[in-house]
Amino acid sequence: MTIARRLMISGRVQGVFYRGWMVETARSLGVAGWVRNRTGGDVEALVIGAPDAIAALIERCRSGPPAATVTGIAVEETEIVEAEGFRQRPTI
């Protein structure tokens with residue numbers, strides 16, 4: 001079974017290697033999708049994979065890399081789309 005979730009991660013999550021950390025972490029868990037900064041200061045991600053891998057990734061995102069301070073994660077169910085691997089997208 002494969003699921004997809006959209007994450008909006010808030011706090012001190014830009015300028016602290018959050019996106020790079022998330023690419024490495026998602027790939028290590030076998031999760032596909034993407035991550036990007038939002039101009040408002042949040043980090044947005046689309047994650048696609050097995051429910052247990054998605055749950056593990058979300059749990060790790062609550063801490064993030066050492067310099068990050070995560071204050072919240074909004075999680076929404078979303079449609080599954082084709083995605084190969086996990087990559088970083090440009091800021092929007």
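Relevant structure appears above.
Residues numbered from 1 in each chain as written. Predicted model: local features only at pLDDT ≥ 70, side-chain atom pairs only at ≥ 80, totals over all residues. Heavy atoms only, no water.

1. Quick notes on the sheet that holds strand β2 (residues 32-37)
Read across the open sheet, the 5 strands follow the order β4-β1-β3-β2-β5; overall the sheet is mixed. Looking along the sheet, the strands with just one partner apiece sit at the ends: β4 (69-77) and β5 (86-88). Adjacent strand axes in the sheet meet at a mean angle of 15 degrees, parallel and antiparallel pairs treated alike. Here strand β1 (residues 3-12) runs beside β4; their pairing, made up of 8 bridges, is antiparallel. For M8, the partnering residue across the bridge sits in β4 and is A74. The strands touched by helix α1 (residues 18-29) within the sheet are β1, β2, β3 (43-49), β4 and β5, with β5 carrying the most contacts at an inclination of about 170 degrees. (Pairing = 2+ DSSP bridges. Helix = DSSP H or I, 4+ residues; strand = E, 2+ residues; numbered from the N terminus. Axes fitted to C-alpha atoms, helices over the stretch in contact; angles between N-to-C directions. Contact = heavy atoms within 4.5 Å.)

2. Re helix α2 (residues 51-61)
Buried within α2 we find A53, I54, L57, I58 and C61. Taken around the axis of α2, the buried residues stretch over an arc of 135 degrees, which confines them to a single face. Facing away from the buried surface of α2 by more than 90 degrees, the exposed residues are D52 and E59. The elements touched by buried residues of α2 are β1, α1, β3 and β4. (Buried < 20%, exposed > 50% of the residue type's maximum accessible area, 1.4 Å probe, protein only. Arc of directions from axis to C-beta.)

3. Brief notes about the pattern of salt bridges
According to the stated counting rule, one finds 5 salt bridges in the structure shown. For R38, the salt bridge goes to E44, with nearest N and O atoms at 2.8 Å. Judged by its relative accessible area of 26%, R38 falls in the partly exposed class. Within the structure, one salt-bridge network assembled from shared partners comprises R6, R36, R38, E44 and E76. (Salt bridge = Lys/Arg side-chain N within 4 Å of Asp/Glu carboxyl O.)

4. Digging into the side chain of R5
Tracing the backbone through its elements, the reader meets R5 in strand β1. Despite its burial, R5 pairs with no opposite charge; the closest candidate is E77, at 4.2 Å N-O. Sequence-distant contacts of R5, defined by excluding residues within four places in its chain, comprise A45, L46, V47, I54, V75, E76, E77 and T78. (Lys, Arg positive; Asp, Glu negative; His and termini not counted.)

5. Description of the pairing of β2
The buried fraction of β2 is high, at 6 of 6 residues. Note: β2 against β3, 6 bridges, orientation antiparallel. Bridging across to β3, R36 finds its partner in E44. Between β2 and β3, which pair antiparallel and follow one another directly, the connecting turn spans 5 residues, one of which, G41, has a positive phi of 110 degrees.

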